[in-house]
Amino acid sequence: MLYTIRNEQLSVCVQEKGAELQSILGSDGTQYLWQGDPKYWPDRALNIFPYVARLTDGFYELDGRRYAMDIHGLAPYLPFVLTEKTDTAMVLELSSSEATRRAYPRDFTFSIRYALRENTLEITYQVENRDEKTMYFGLGGHPGFNVPLAPGKRFEDYRLRFGRECTPRRVGFTEQCFLDGTESPFPLEENRILPLTHDLFDQDAIVLKDMDRQVTLEAEEGPKITVTFPQMPYFGIWHWPRTDAPYVCLEPWSSLPSQQDKVAVFEKQQDLILLAPGETYQNRWSIRVQQG
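Let me sum up the structure you'll find in this document. Note that this is a predicted model, so its numbers are computed, not measured.

Each value, and the rule that gives it
- Residues numbered from 1 in each chain as written.
- Predicted model: local features only at pLDDT ≥ 70, side-chain atom pairs only at ≥ 80, totals over all residues.
- Heavy atoms only, no water.
- Helix = DSSP H or I, 4+ residues; strand = E, 2+ residues; numbered from the N terminus.
- Buried < 20%, exposed > 50% of the residue type's maximum accessible area, 1.4 Å probe, protein only.
- Contact = heavy atoms within 4.5 Å.
- 1 Å grid on protein atoms, 1.4 Å probe; cavity = no way out; pocket = protein on both sides within 12 Å on 5 of 7 lines; lining within 4 Å.
- Points joined across faces, edges and corners; volume = space filled by probe spheres on them.
- Core = buried A, V, L, I, M, F, W, Y, C linked by side-chain atoms within 4.5 Å.
- Salt bridge = Lys/Arg side-chain N within 4 Å of Asp/Glu carboxyl O.
- Pairing = 2+ DSSP bridges.

**Looking at the environment of S255**
Then step 1. Position of S255 relative to the elements: it lies in the loop between β21 (247-253) and β22 (264-265).
Then step 2. Classification of S255 by relative accessible area gives buried; the value is 0%.
Then step 3. Apart from residues lying up to four places away in sequence, S255 is in contact with V52, G138, Y234, D271 and L272.

Following this line, the structure appears as structure tokens:
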């Protein structure tokens with residue numbers, strides 16, 4: 001099932017599986033969202049919960065027991081239920097079940113609200129802990145955006161421009177895409193700008209910390225996309241490695257994946273969000289488009 005919201009500037013389509021964005025269409029016909037060509041990457045805009053990226057050997061420990069979970073958690077693979085809908089906003093929910101408890105032993109509701117405000121899509125993640133035990137979790141977005149965004153442009157005509165000058169650090173990853181325990185400076189041009197080239201991703205994703213939490217995908221002229229993520233301390237930049245993929249994923253994350261060869265113990269992973277029984281957590285981020 002597909003659900004659509006729209007205003008005078010944007011039309012946004014979401015599917016029930018994973019509550020995943022399927023389209024961000026401008027009033028001038030510009031399609032901003034990657035359309036899932038399986039030659040490069042079949043997904044479009046994953047919602048990540050309750051764990052970001054990979055777990056060593058596909059396992060983690062919680063409450064003294066070991067559980068298996070896929071990459072990026074549960075949310076990308078399960079159907080959400082539409083609980084609210086207007087012309088310009090909708091809410092989709094994923095609630096715990098017998099199936100989810102086999103992989104993540106907590107009772108919860110994870111809801112995603114999409115709302116249009118002029119040329120901005122506002123996204124709100126909400127987690128309700130309906131369990132008697134503390135929840136430990138991570139979450140994040142994984143949207144892909146078309147590059148180029150306009151006819152006649154090349155991938156290399158685009159850049160990422162951070163909202164303010166910053167000195168990010170790159171989080172070190174192994175060849176298997178797990179943490180290697182290192183960090184290194186990641187210099188930007190003018191402390192703000194990263195020109196896009198395909199070989200940036202030859203070693204897979206670039207994951208940053210200590211960066212400004214607003215970034216714009218742009219060329220010298222034409223459509224632009226700005227992603228703002230004030231509550232997310234990590235930022236991933238990715239397309240399928242060693243290809244000429246015509247998209248880039250801009251991924252705000254709340255936490256990091258497992259370390260190489262170490263099974264994560266959720267109670268000990270310091271960057272996970274802790275949510276007490278009966279409490280509710282919200283995290284808001286947004287995608288703003290500017291037509292050319």
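**Let's talk about empty space enclosed by the protein**
Then step 1. The tally for this structure, following the rule as stated, stands at one cavity of 30 Å³ or more.
Then step 2. There is about 40 Å³ of room inside the largest cavity.
Then step 3. As for the largest cavity, its lining consists of L21, A45, L46, N47, Y114, I123, Y125, G141, H142, P143 and W285.
Then step 4. Elements with a contribution of two residues or more to the lining of the largest cavity: β4 (45-48), β10 (120-129) and β12 (140-146).

**Examining the nonpolar core**
Then step 1. With 76 residues, the main nonpolar core has I24 and L217 as its most contacted residues.
Then step 2. The greatest single-element share of this core, amounting to five residues, is contributed by strand β9 (residues 108-117).
Then step 3. Residues W34, L179, V207 and Y247 belong to the second largest nonpolar core, which totals 18 residues.

**Concerning the side chain of H239**
Then step 1. Looking at the element boundaries, H239 is found in the loop between β20 (234-238) and β21.
Then step 2. On the accessibility criterion, H239 (0% relative accessible area) is buried.
Then step 3. Once residues lying within four places of it in the same chain are set aside, the contact partners of H239 are F155, H198, F201, A245 and Y247.

**Describing the pattern of salt bridges**
Then step 1. Applying the stated criterion across every chain yields a total of 14 salt bridges.
Then step 2. The closest approach of N and O atoms between R117 and E122, which form a salt bridge, is 3.0 Å.
Then step 3. The class for E122 is partly exposed, based on a relative accessible area of 26%.
Then step 4. Notably, a salt bridge pairs R159 with E218, separated by 2.7 Å at the nearest N-O pair. Placement of the pair is R159 in strand β13 (residues 159-162) and E218 in strand β18 (residues 214-218), with a sequence separation of 59 residues.
Then step 5. Residue class for R159 comes out partly exposed when judged on its relative accessible area of 24%.
Then step 6. What you see here is one network of salt bridges that share partners, running through R159, R161, E218 and K224.

**Points about the pairing of β12**
Then step 1. Most of β12 is tucked away, with seven of its seven residues classed as buried.
Then step 2. Alternating residues of β12 divide into G140, H142, G144 and N146 and G141, P143 and F145, and every residue in both groups is buried.
Then step 3. Pairing geometry for β4 and β12, over four bridges, is antiparallel. Of the residues in β12, the one forming a bridge with I48 is G140.
Then step 4. With four bridges joining them, β12 and β21 adopt antiparallel strand pairing. Directly across from G140, in β21, lies its bridge partner W253.

All we've got here are geometric facts, nothing functional implied.
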